[in-house]
Amino acid sequence: MPTPPDFVPASQCEILFSEQQIAERVTAIGEEISADYKDQSIVLVGVLKGAAIFLADLARSIDVDNTFDFVAVSSYGKEKTSSGAVKLIKDLDVPIEGKHVIVVEDILDTGLTLSYLRKLLLQHKPASLKIATCLDKPERRLVPIEADYVGFKIPNHFVIGYGMDYAEKYRNVRDIRLYPEIPTGH
Ligand code: PRP
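As the structure is a prediction and not an experimental result, all values here were calculated from the model.

Procedures and definitions
- Residues numbered from 1 in each chain as written.
- Predicted model: local features only at pLDDT ≥ 70, side-chain atom pairs only at ≥ 80, totals over all residues.
- Heavy atoms only, no water.
- Phe/Tyr/Trp six-rings, centres within 6.5 Å; stacked < 30°, edge-to-face > 60°.
- Helix = DSSP H or I, 4+ residues; strand = E, 2+ residues; numbered from the N terminus.
- Buried < 20%, exposed > 50% of the residue type's maximum accessible area, 1.4 Å probe, protein only.
- Expected span 1.5 Å × (residues − 1).
- Arc of directions from axis to C-beta.
- Contact = heavy atoms within 4.5 Å.

Enquirer: What is the right way to look at the packing of aromatic side chains in this model?
Expert: The geometry of an aromatic ring pair is captured by the separation of the ring centres together with the interplanar angle, meaning the angle of the planes. This structure, assessed with the given rule, holds 8 aromatic pairs. Plain terms: the ring middles of F7 and Y170 are 5.0 Å apart, the flat faces sit at 10° to each other, and that makes the pair stacked. Highlighted residues: F7 in the segment before β1 (15–17) and Y170 in the loop between β8 (159–160) and β9 (176–178), separated in sequence by 163 residues. A relative accessible area of 6% means that Y170 is categorised as buried. An aromatic cluster of at least three residues, connected via ring pairs, comprises F7, F158, Y166, Y170 and Y179.

Enquirer: Looking at this structure, I do not really get helix α1 (residues 19–36). What am I missing?
Expert: Since the α-helix turns once every 3.6 residues, residues separated by three or four places project in the same direction. Here α1 is 18 residues long and its end C-alpha atoms lie 26 Å apart, about the 26 Å a rise of 1.5 Å per residue gives. Taken as a whole, α1 has its buried residues at I22, V26, I29, G30, I33 and S34. Axial view of α1: buried residues confined to an arc of 140°, hence all on one face. Seen from the buried face of α1, the exposed residues on the opposite side, beyond 90 degrees, are Q20, E31 and A35. Along its buried surface, α1 packs onto β1, β2 (41–48), α2 (52–59), β5 (100–108), β7 (149–153) and β9.

Just distances and angles here, no functional claims.
Right, here's the structure in full:
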């Protein structure tokens, strides 16, 4: 994908949540999950690509047995309407039947991706299914869905870093920053 001509260096984007703030929230969520699933084992299902970094940190903050897997859905774009046209691009590698599953997302926005995935994963008959998201933008929701574990609730700003991209860039930025002049989307 070509670099947009108006590409802004990450250092010029305002920090919304610092690396340290993120680490503290992820640790807290990890502790909450460890308490909720005491003496059980869980499968973390990350949604590529944005959730990869949150999942990597979250998995290491959890001290109950856990394994992880990834799914991928059609990329954020025009085809995603309120009709919920989301497509699975990469399926699970391991069966989740009878397992306690936590779907891990970087951001819950319109909710279309997670409502599609929740329905799909429930067909595999997990013992339970919960959702963990690093960011939640409640005001953008088109379908009713909430996460069980939320890092931060944010208003409708376009954000980058900590796995989140603009034109595939900035995923490696350590903190979460506001990207200027993108009115909609994540
Ligand atoms: C982002 C994010 C979620 C989805 C949330 O993915 O990772 O999967 O959008 O949006 P929704 O609630 O409106 O469905 P994106 O399509 O940008 O792909 P990426 O994870 O590869 O960046």
